[in-house]
Amino acid sequence: MGSSEMGKDSNFTDEERKSEMDIIEKNENSNKKTRRRKRSSIFPRFACMRLDDEVSVVETPSGECSFDVEASQNGHAPPPPHLVVMVNGLIGSADDWKYAAKQFVKAYSRDVIVHCSDSNCSTLTFDGVDIMGTRLAEEVLSVIKQHPHLQKISFVCHSLGGLVSRYAIAKLYEQGSARRACGEEMECSLNGSTNLCVEEVSKRKIAGLEPMNFITCATPHLGCRGHKQAPAFCGLYTLEKVASSSSWLLGRSGRHLFLKDCDEGKPPLLLRMASDSEDLPFISALQSFKRRVAYANTSFDYLVGWSTSSLRRRNELPKCRNLKKGDKYPHIVNVDEATSVSNQEETPTEAKINGRKSNEMEEAMIRGLTKLSWERVDVSFKGSKQRYFAHTTIQVTNYCFNSDGADVIQHMIDNFAV
């Protein structure tokens, strides 16, 4: 009896040991999984593989390479009323704005539809600002026809795309007047009558829509001709002169950027675009927008200088010691709220044409463009591993390689006038 009971006890002990071993193995496996999770949090997956599914985003082909980005709508939801046109720079494509387009739509899913333009991609960007601007204007009109519900329009542009968009909006600019009631049975101060008082209201539109935001990133508003505007030339006159004489390598766009064009004896195109010319109302079109914003790299942009992209004279640039990074936008180091207006007298056209010294033309362009108010946002990627690609990082051309510019895009979104 005693021996049999002891055998039973020993068997029971063995079974208990097995179960305990199983429990220990399970605990070890779970600990391994938690360690893996911790490692993955320390070493995150590639950003380009990370997806945000909070808002479902739909890409719809809109042309040969262009596409529209909007949130997938419920059956009864009204279509978004605000068109945001995103325009690429030199040798760029519609895909360059894909990340930013999705972020805009996720932030304003009920308000905006984003169109990433493709009318000027790849080598078509060599055709010249005027030809490219005309193509973009035609593309915008065709997009508006596809979306008859649209009421507002904004432009977000990178590099050369900012100049192209400035030309396009001048082509699309419309100015009319509407009669608005002041009130019923009120004596009109204009004629003393007691009829319904009305007032003339000027209506400025772009392609029939209300203009809202005109945003440029690293755009050479003052061109690239000399005067230390292109950092790649190190401010050396010899290099700048060689680059200027080689501008034909970039086709008509190169001639426009280096102010080497003189079609039919007219001033260079960028100079003409700093005022309302006989050709097109360039400044009136820009003035029609509720906001004008210039994002500019303070350093490490080897193609477009800080001065030309922020529409400032070099002595007006903020001192480096005053540039401070914030927590929310770590690469935004300075924001100048909308400031107008250059009260200085404009340089006469004859003086612009005669001699055509780069500093005189630059001054004339600054005076013309700063008659309007501009918000200026200074960006610095100093200390970032991606700083040497600042020209594309400010746009987040490719999230895998330009992810540090995500806070710049977020700043655009947070301050966007819907």
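The present account deals with the structure reproduced in this document. (Residues numbered from 1 in each chain as written. Predicted model: local features only at pLDDT ≥ 70, side-chain atom pairs only at ≥ 80, totals over all residues. Heavy atoms only, no water.)

## Topic: helix α4 (residues 160-172)
Okay, so step 1: Compared with an ideal rise of 1.5 Å per residue, which puts 13 residues at 18 Å, α4 spans 19 Å between its outermost C-alpha atoms and is within 8% of the ideal.
Okay, so step 2: Most of α4 is tucked away: twelve of the 13 residues are buried.
Okay, so step 3: Along α4, the positions that sit buried rather than exposed are L160, G161, G162, L163, V164, S165, R166, Y167, A168, I169, A170 and L172. (Helix = DSSP H or I, 4+ residues; strand = E, 2+ residues; numbered from the N terminus. Expected span 1.5 Å × (residues − 1). Buried < 20%, exposed > 50% of the residue type's maximum accessible area, 1.4 Å probe, protein only.)

## Some details on the nonpolar core
Okay, so step 1: Core analysis: the biggest nonpolar cluster contains 53 residues, and F155 and I206 have the highest contact counts within it.
Okay, so step 2: Mapped by element, the contributors of at least two residues to this core are β3 (82-87), α3 (129-146), β5 (152-158), α4, α7 (269-272), α8 (282-287) and α11 (358-369).
Okay, so step 3: Top element by residues in this core is α4. It accounts for eight residues.
Okay, so step 4: Once residues within four sequence positions are removed from consideration, F155 is found in contact with V85, V87, L136, V140, S165, I169, I206, N213, F214, I215 and F289.
Okay, so step 5: Grouped together as the second largest cluster of nonpolar side chains are 34 residues, F67, I332, V377 and F381 included. (Core = buried A, V, L, I, M, F, W, Y, C linked by side-chain atoms within 4.5 Å. Contact = heavy atoms within 4.5 Å.)

## Topic: α3
Okay, so step 1: Over its 18 residues, α3 extends 26 Å from the first C-alpha to the last, a length consistent with the 26 Å expected when each residue adds 1.5 Å.
Okay, so step 2: Within the span of α3, buried status applies to V129, D130, M132, G133, L136, A137, E139, V140, V143 and I144.
Okay, so step 3: Residues of α3 that are buried in the fold lie against β3, β4 (112-116), β5, α4, α6 (251-257) and α7.

## Re the pairing of strand β2 (residues 67-71)
Okay, so step 1: In terms of burial, β2 is largely enclosed, as five of its five residues are buried.
Okay, so step 2: A two-sided burial pattern is seen for β2, the buried positions comprising F67, V69 and A71 on one face and D68 and E70 on the other.
Okay, so step 3: Here five bridges tie strand β1 (residues 57-61) to β2, and the two strands are oriented antiparallel to one another. Considered in β2, the bridge of V57 is made with A71.
Okay, so step 4: As judged from the three bridges shared by β2 and β4, these two strands associate in the antiparallel manner. Bridging from a neighbouring strand, F67 pairs with C116 of β4. (Pairing = 2+ DSSP bridges.)

## Observations regarding the packing of aromatic side chains
Okay, so step 1: Scanning all chains against the criterion turns up eight aromatic pairs.
Okay, so step 2: Ring geometry for F104 versus F416: centroids 5.1 Å apart, planes at 85 degrees, classification edge-to-face. Residue F104 is found in helix α2 (residues 98-107), and its partner F416 is found in the segment after α14 (406-414); the two are separated by 312 residues along the sequence. Comparing F104 with F416 shows no difference in burial state: the two are buried.
Okay, so step 3: Ring geometry for Y167 and F282: centres 5.6 Å apart, planes at 50 degrees, overall tilted. One end of the pair, Y167, is in helix α4; the other, F282, is in helix α8, with 115 residues separating them in the sequence.
Okay, so step 4: A residue is classified by how much of its surface remains accessible, and F282, at 3% relative accessible area, is buried.
Okay, so step 5: Within the aromatic cluster, the residues linked to one another by ring pairs are F104, Y108 and F416. (Phe/Tyr/Trp six-rings, centres within 6.5 Å; stacked < 30°, edge-to-face > 60°.)

## So, the packing of α3 against α4
Okay, so step 1: At a minimum axis separation of 7 Å, α3 and α4 run at an interaxial angle of 60 degrees. The orientation of α3 with respect to α4, classified from their angle, is oblique. For the crossing formed where α3 meets α4, the hand is right-handed. Residues V129, D130, M132, G133, T134, L136, A137, V140 and L141 of α3 touch α4, and the partners they reach there are L160, L163, V164, S165, Y167, A168, K171 and L172. (Axes fitted to C-alpha atoms, helices over the stretch in contact; angles between N-to-C directions. Parallel < 35°, antiparallel > 145°, perpendicular 65-115°, else oblique. Left-handed = near helix turned anticlockwise from the far one by under 90°.)

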